[in-house]
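# Architecture and fold: a report
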Number of protein chains: 2
Amino acid sequence: MTTAFYVPPASRHGERIVLPDDEARHAVGVLRKRAGDEVIVIDGEGGWHRVRLDQVGDERAAGTVLETRREVGEPAYVMSMGVGLIKSRNRFETFVEKAVELGVREIVPLHTARTEREGVKEERTRNVMVAAMKQCGRSRLPSLTTPRALPEAITHVEAFDAVLVAHEQVDPTQSVRAALADAPDAARVRVLIGPEGGFTDDEVAMITEAGGTAVSLGPRRLRTETAGIAAAVAVQEALTSSRSPHSL
Amino acid sequence: MTTAFYVPPASRHGERIVLPDDEARHAVGVLRKRAGDEVIVIDGEGGWHRVRLDQVGDERAAGTVLETRREVGEPAYVMSMGVGLIKSRNRFETFVEKAVELGVREIVPLHTARTEREGVKEERTRNVMVAAMKQCGRSRLPSLTTPRALPEAITHVEAFDAVLVAHEQVDPTQSVRAALADAPDAARVRVLIGPEGGFTDDEVAMITEAGGTAVSLGPRRLRTETAGIAAAVAVQEALTSSRSPHSL
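Residues numbered from 1 in each chain as written. Chains lettered and ligands numbered in written order. Predicted model: local features only at pLDDT ≥ 70, side-chain atom pairs only at ≥ 80, totals over all residues. Heavy atoms only, no water.

## Observations regarding the overall build of chain A
When helices and strands are counted, chain A shows seven helices and 13 strands. The principal-axis extent of the C-alpha atoms belonging to chain A is close to 60 × 45 × 30 Å. The buried share of chain A, reckoned over its 248 residues, is 54%. Relative to all contacts within chain A whose residues are 6 or more apart in sequence, the contacts with residues 24 or more apart total 74%. (Helix = DSSP H or I, 4+ residues; strand = E, 2+ residues; numbered from the N terminus. Buried < 20%, exposed > 50% of the residue type's maximum accessible area, 1.4 Å probe, protein only. Contact = heavy atoms within 4.5 Å.)

## Regarding the interface of chain A and chain B
In this assembly, 48 residues from chain A lie in contact with 48 residues from chain B. Contact between chain A and chain B buries roughly 3900 Å² in total, counting both sides, with carbon and sulfur atoms accounting for 50%. Three residues stand out in chain A for area buried against chain B, namely Arg177(A), Arg220(A) and Arg221(A), and they jointly supply 22% of the buried area on that side. For the pair chain A and chain B, the interface holds six salt bridges. We note a salt bridge from Glu225(A) to Lys98(B), for which the minimum N-O separation is 2.6 Å. Counting the contacts that link chain A with chain B gives 26 residue pairs in polar contact (both at pLDDT 80 or more). (Buried area = accessible area lost by both parts, 1.4 Å probe. Salt bridge = Lys/Arg side-chain N within 4 Å of Asp/Glu carboxyl O. Polar contact = N/O pair within 3.5 Å; in protein donor to acceptor, adjacent residues only side chain to side chain.)

## So, the relation of the copies chain A and chain B
Of the two same-sequence chains, chain A is brought onto chain B (RMSD 0.0 Å, axial shift 0.0 Å) by a rotation of 180 degrees. Each copy turns onto its partner about a two-fold axis. Mapped onto chain B, 98% of the interface residues of chain A again fall at the interface, so both copies present the same surface. (Least-squares fit on C-alpha atoms with pLDDT ≥ 70 in both.)

## Re empty space enclosed by the protein
All names here are of chain A. Scanning the model with the defined rule gives four cavities of 30 Å³ or more in all. A volume near 60 Å³ is recorded for the largest cavity. If you go around the largest cavity, the residues you meet are Leu85, Arg89, Phe92, Glu93, Arg117, Gly119, Val120, Lys121 and Thr125. In terms of residues, the lining of the largest cavity owes the most to one element, helix H2 (residues 89-101), which gives three residues. When its residues are assigned to classes, the lining of the largest cavity shows three nonpolar, two polar and four charged. Taken as a whole, the second largest cavity encloses approximately 40 Å³ of empty space. (1 Å grid on protein atoms, 1.4 Å probe; cavity = no way out; pocket = protein on both sides within 12 Å on 5 of 7 lines; lining within 4 Å. Points joined across faces, edges and corners; volume = space filled by probe spheres on them. Nonpolar A, V, L, I, M, F, W, Y, C, P; charged D, E, K, R; others polar.)

## Notes on the packing of aromatic side chains
Residue and element names in this part refer to chain A. Tallied over the full model, the rule gives two aromatic pairs over all chains. Relative to phenylalanine 95, the ring of phenylalanine 92 lies with its centre 6.2 Å away and its plane at 50 degrees, an arrangement referred to as tilted. Separated by three residues within a single helix, phenylalanine 92 and phenylalanine 95 lie in helix H2, roughly one turn from each other. When sorted by exposure, phenylalanine 92 lands in the same class as phenylalanine 95, which is buried. Between arginine 69 and the ring centre of tryptophan 48, over which it is positioned, the NZ or CZ distance is 4.4 Å. (Phe/Tyr/Trp six-rings, centres within 6.5 Å; stacked < 30°, edge-to-face > 60°. Lys NZ or Arg CZ within 6 Å of the ring centre and 35° of its normal.)

## Notes on the pattern of salt bridges
The full count for this structure, using the stated rule, is 40 salt bridges over all chains. The salt bridge involving Lys98(A) is made with Glu101(A); its shortest N-O contact spans 3.2 Å. With Lys98(A) and Glu101(A) both in helix H2 and three residues apart, this pair spans about one turn of that helix. Residues Lys98(A) and Glu101(A) agree in their burial class; the two are buried. Residue Glu97(B) is joined to Arg223(A) by a salt bridge in which the shortest nitrogen-to-oxygen separation is 3.7 Å. One end of the pair, Glu97(B), is in helix H2 (residues 89-101); the other, Arg223(A), is in the loop between strand S13 (213-215) and helix H7 (224-241), on a second chain. For Glu97(B), a relative accessible area of 13% gives the class buried. Of the residues examined, Arg223(A) reaches a relative accessible area of 27% and is grouped as partly exposed. Through salt bridges with shared partners, a single network forms among Arg91(A), Arg223(A), Glu225(A), Glu97(B), Lys98(B) and Glu101(B).

Spelled out as structure tokens, the structure:
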């Protein structure tokens, strides 16, 4: 299976697809694609196309759609993840890359009581997301919102079937799986992960009072990026298995 | 909760504990610990001690054990993870750090058909493991074996209650949770993760013929380190939940 090319919907005209300059250079200059070759193109909005290239130049590649599918590589649910901003840009980018691989649809950087960074490098982070999307075989580019204060992230709790907050003080039996046991068909889930040092008790109380459920990600103290990754996996395991013939 | 100090059992003499030089320097020079202060000491073999320091010098710190517990922060099962060696040292170290945080007990670097690296920097990797152990609140230092050929990793399958191999071609409903549904009390689990490009079909066949179960980590193509992390979380979710009052 090959890496897909990212072509936003604006570059598609009916069955004609023109690769953006950088993707064309990569296709032609690096991967040596030629007229007649088939490539996979994703539009970042759930569109997946098998395309035959027919016009290939030094910095140009265009072709015709042979087959279109929708939502390739996408989960059946929407997972929005609010994550406290952390000091290390490397660790934040590790989280972002893995979140894309693990099907997260929206990343909401959070300002919280213990946050020590103001914002994210948007373009740089978006590049990480695009690369991960192309590599892992999904067809949607997750969104990265501007940083929000925690209260903003819990104002519309009713828009989600479940809002989970990871908290170190919670008994390990209060797993994500247990929390989602009553919502096996959840279509929209929001998960909140604290920054280094975690959410304060007041913040956890604010979230649970707004309708969120405190969950444990196990008996160890996880770094922020590890907690975000672990929560994404746990949600995937809980919601995928419960829809499978292998679940109880 | 503070970071623990790592003091191997050899530095404990009855109720007396002498911190190794580097831990003493950190305790005294960086954290400004003084005689009378309490610290947490772990021995990397499941021992956890609350210690009162009584001898504190420029590069020396020693004290007396006030309380001892066993297996603090450790899972009820032993997870051994065989992981194909990958080119990027950074990505391998990301995996190692997260594996420690997520309770993995043994890391076995694997030589496979698609492996492109010979070995790991042992001391450097061990330092990552020690730091993660201290930070995450567990009391065991996971072992890092020398790299093994894949066949060696499946010669004693009977030593494990379950051997799982992550494979991209497997239906996503064949989750880790489904695979462990028949072994909710598993005490020893081995998980095998391929290198970049994955295991070959022949390798997966070899593993399943030896008694392993092929599992899916979801419908997307995960990088090696992401797959390792995801598998560790999935095993934790499957085995912890099944022992909890919240499980079915």
